[in-house]
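Coordinate analysis (summary)
This is what each chain is made of:
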Amino acid sequence: MTSPSAVPRLPRRPDWAGRNYTLLTAAAVVTNLGSHGALIAAAFAVLDAGGDGGDVGLVAAARTLPLVLFLLIGGAVADRLPRHRVMVTANALNCLSQAAFAVLVIAGEPRLWQMMLLTALGGTGQAFFNPAAEGMLMSSVSGEQVGRAFALFRLATQGAGLGGAALGGAMVAAIGPGWVLAVDAVAFAVAGALRVFLDVSHMPPRAPGGGLLADLRDGWREVIGRPWLWSIVAQFSVVVAVVATAEAVYGPLVARDSLGGAGPWGLALGMFGAGNVGGALLMMRWKPRRLLLAGTLCVFPLAAPSAGLAIPLSVAGLCVVMFLSGVALEVFGVSWMTALHQEIPEDKLSRVSAYDWFGSVSMVPLATALAGPAEEAFGRTESLWGCAALVVVVTAAVLCVPDVRNLTRRTKEVVQAVPTKNEPVGSEERVGRS
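Residues numbered from 1 in each chain as written. Predicted model: local features only at pLDDT ≥ 70, side-chain atom pairs only at ≥ 80, totals over all residues. Heavy atoms only, no water.

1. What about the overall build of the protein?
Stated formally: Elements are defined by DSSP. Helices are runs of H or I of four residues or more, strands are runs of E of two residues or more, and each kind is numbered from the N terminus. Each residue's exposure class comes from its accessible area (1.4 Å probe, protein chains only) as a fraction of the maximum for that residue type: buried when under 20%, exposed when over 50%, partly exposed otherwise. In this analysis, two residues are considered to be in contact whenever any of their non-hydrogen atoms come within 4.5 Å of each other. A 1.4 Å probe and the Shrake-Rupley method give the accessible areas. Residues count as covered only by the protein chains that appear here.
Broken down by element type, the protein carries 16 helices and two strands. For the protein, the proportion of its 434 residues judged to be buried stands at 49%. At a minimum sequence separation of 6, the contacts of the protein that also span at least 24 residues come to 87%. Of the accessible surface of the protein, which amounts to about 19800 Å², a share of 67% is contributed by carbon and sulfur atoms.

In structure tokens form, the structure reads like this:
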């Protein structure tokens, strides 16, 4: 007879991985598995319907435009209403829009305006979801292991994204894009069901505000009052735009002309994703004391892919560059999330996150639209070197901000207290965020 001590036990969940954190991570893995495959499916749905590359771009732009337009509103709403309800509602909108998209494609008669409209609905849902999700994640962890918690979350989601892209591509080839879109709709439904069970009883009730515009102004004051925050948001408005331009516009062209086509370019992008996973694994163990200094130094390698395409490097060399830049981006990402968690009051997390997201995506449509004219005016190689130079210049400029160099990890989290009429303006040290 087997003794009780011989029965294997499941590993104990770490103290920092509470119920909300576990549910949020599981739900994010499910949606990443579906959405990364759906991005591939949407492009092939347009092409199968007789569209061309320009039509694919229009459908992609239809998703990005409402994301830019509604992000700030989404952040204010997420700090005013219970965040889990905002997330579930956004998931429901994404589920319905993707299900309708799937039905159109499977029926075999999708029109371009219909695909653009449904994609725009999905982008609108994402604009409300992203700030709420980031605020909810940051408020779900506390203590000295927050960096490890964020690293594990990013490791899980990045791994799911890699797997979702690979699985989605195979499914598009095997069963068609419509069914992959249907799977994505189911993934949103499952994720929304998981998020229904999030526990918000420990969070302080939202104080009544002066309206949506007042909330937006309050979030703006939170951002502009912290030089490290607004400077990095401004930096990434440029960095994300030029990196996206290099990878979405110039990369496929260089791959077609010099690397052997879509296959090698897909491999290089896959290595970037693998680097993301590797960086998250690194940040599970490494806790840099100067959070933003370490993170910002790791932005410099994001210039390397543009430079590698400008040369151009061999496929093997480009894969190495993409992998290392993926690692570096994750070091920044975990450091950045840890800094926000440490420095921003819980009731303003979603608004600040919305300004952060807005800075990251606002210039992408303009930069990608200017990629073609820039290539005609200066040449593709020169344009790529320009992308690399912009990353280096804006990152070096951010290092001139003292708060970026000096902000340090705390063993106890500091949350700014809102002073009463009889209290001086200052900050109050508290253990935990909620």
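2. What to know about the packing of helix α1 (residues 19–48) against helix α5 (residues 146–175)
What counts, and what does not: The convention used is that axes are lines fitted to C-alpha atoms, helices contributing only their stretch in contact, and that angles between N-to-C directions extend from 0 to 180 degrees. Angle categories are assigned with fixed cut-offs, so that under 35 degrees is roughly parallel, over 145 is roughly antiparallel, 65 to 115 is roughly perpendicular, and the rest are oblique. Here a crossing is taken to be left-handed if its near helix is turned anticlockwise relative to the far helix by less than a right angle, and right-handed if that turn runs clockwise. When residue character is reported, Ala, Val, Leu, Ile, Met, Phe, Trp, Tyr, Cys and Pro are called nonpolar, Asp, Glu, Lys and Arg charged, and the others, Gly included, polar.
One way to put it is that α1 packs onto α5 with a least axis distance of 7 Å and a crossing angle of 30°. It follows from the interaxial angle that α1 and α5 lie roughly parallel. With respect to the hand of their crossing, α1 and α5 are arranged in right-handed fashion. Grouping the amino acids of the contact of α1 with α5 by side-chain chemistry returns 15 nonpolar, 10 polar and no charged.

3. Notes on the pattern of salt bridges
Where we set the bar: Only one rule defines a salt bridge in this text: a Lys or Arg side-chain nitrogen within 4 Å of an Asp or Glu carboxyl oxygen.
Throughout the structure, instances matching the rule amount to 13 salt bridges. Between D79 and R351 there is a salt bridge; the shortest N-O distance is 2.9 Å. In this pair, D79 sits in helix α2 (residues 53–80) while R351 sits in helix α13 (residues 349–361), placing the two residues 272 residues apart along the sequence. For the pair shown, D79 and R351 are each scored as buried. Note that D218 is salt-bridged to K348, the shortest N-O span being 3.9 Å. Separated by 130 residues along the polypeptide, D218 in helix α7 (residues 212–224) and K348 in the loop between α12 (315–343) and α13 bring together distant segments of the chain.

4. Points about the side chain of T296
Spelled out, the test is: Within 3.5 Å is the distance limit for a polar contact, defined as a pair of N or O atoms, with the added protein rule that one can donate a hydrogen and the other accept it, and that residues adjacent in sequence qualify only through two side-chain atoms.
Here T296 is to be found in helix α10 (residues 291–297). The buried category is assigned to T296, whose relative accessible area is 0%. Here L292 takes part through its backbone oxygen, which lies 2.7 Å from a polar atom of the side chain of T296. Excluding residues that lie within four positions of it along the chain, T296 makes contacts with I232, Q235, F332, T395, V398, L399 and V404.

5. Focus: the confidence of the model for the protein
What counts, and what does not: Values of pLDDT, the confidence the predictor places in each residue, fall between 0 and 100.
Within the protein, residue pLDDT values average 83, and 87% of them lie at 70 or more. Overall, residues 1–8 carries pLDDT values under 50, and its contacts beyond four positions in sequence, including any with other chains, amount to one contact. pLDDT under 50 marks residues 413–434. Its contacts with residues more than four places away, or in other chains, come to 42 contacts.

6. Considerations on the environment of G279
Note that G279 resides in helix α9 (residues 262–283). The buried category is assigned to G279, whose relative accessible area is 0%. When the C-alpha atoms of G279 and L324 are compared, they prove to be 8.7 Å apart, with 45 residues separating the residues in sequence. Apart from residues no more than four positions distant in its own chain, G279 is found in contact with V327 and E330.

7. Digging into helix α8 (residues 227–259)
Owing to its 3.6 residues per turn, the α-helix aligns residues three or four sequence positions apart on the same side. Put simply, the rule is: The span expected for a helix works out to 1.5 Å for each residue beyond the first. Given a residue, its bend is the angle between the two axes fitted to the seven residues that end at it and to the seven that start from it.
Between the first and last C-alpha of α8 there are merely 42 Å, a value that for 33 residues lags more than 12% behind the 48 Å anticipated at 1.5 Å per step. At Y250, α8 shows its maximal bend, which comes to roughly 45°, and the proline P252 appears one to four places after that position. Phi turns positive one or two residues past the end of α8, at G260, with a value near 110°.

8. Looking at the side chain of S360
Locating S360 in the fold gives a position in helix α13. Classification of S360 as buried rests on a relative accessible area of 16%. Leave out the neighbours within four places in its chain, and S360 touches F236 and V240.

9. Some words on the packing of α8 against α13
For the pair α8 and α13, the least separation of the axes is 7 Å and the interaxial angle reads 30°. Taken together, the axes of α8 and α13 lie roughly parallel to each other. For the pair formed by α8 and α13, the contact residues are L229, V233, F236, S237 and V240 on the first element and V352, Y355, D356, G359 and S360 on the second. Of the residues that constitute the contact of α8 with α13, the class distribution is six nonpolar, three polar and one charged.

10. Looking at the environment of H84
Topologically, H84 is positioned in helix α3 (residues 83–107). In this structure H84 touches M136, R195, V196, L198 and V200, once residues within four positions along its chain are discounted.

11. A closer look at the packing of aromatic side chains
Note the following rule: Geometry of aromatic contacts follows a simple scheme: Phe, Tyr and Trp rings, the Trp one being its six-membered ring, pair when their centres are within 6.5 Å, and the pair is stacked under 30 degrees between planes, edge-to-face over 60, tilted otherwise.
If you walk through the whole model with that rule in mind, you get five aromatic pairs. Three or more aromatic residues joined by ring pairs make a cluster, and in this case those are W228, F236, F332 and W336.

12. Brief notes about the nonpolar core
The line we're drawing: We call a set of buried residues a nonpolar core when its members are Ala, Val, Leu, Ile, Met, Phe, Trp, Tyr or Cys and they connect through side-chain atoms within 4.5 Å of each other.
In this structure, W228, L229 and W336 are the most contacted members of the largest nonpolar core, which totals 78 residues. Among the elements that take part in this core, α8 stands out by supplying 14 residues, more than any other. Contacts of W336, omitting those with residues within four sequence positions, involve W228, L229, I232, V233, L292 and D356.

13. Remarks on unusual backbone geometry
A cis amide bond links I311 to the next residue, P312, at an omega of -20°. Note on placement: P312 falls in the loop between α11 (304–310) and α12.

14. Here we look at a nonpolar patch on the surface
The condition is simple: Patch rule: a residue counts if its relative accessible area is over 30% and it has no salt bridge; like charges are joined within 9 Å, and nonpolar side chains (Val, Leu, Ile, Met, Phe, Trp, Tyr) within 5 Å.
On the surface, L65, L69 and F70 cluster together to form a nonpolar patch covering roughly 290 Å² of accessible area. Inspection of the secondary structure puts F70 in helix α2.

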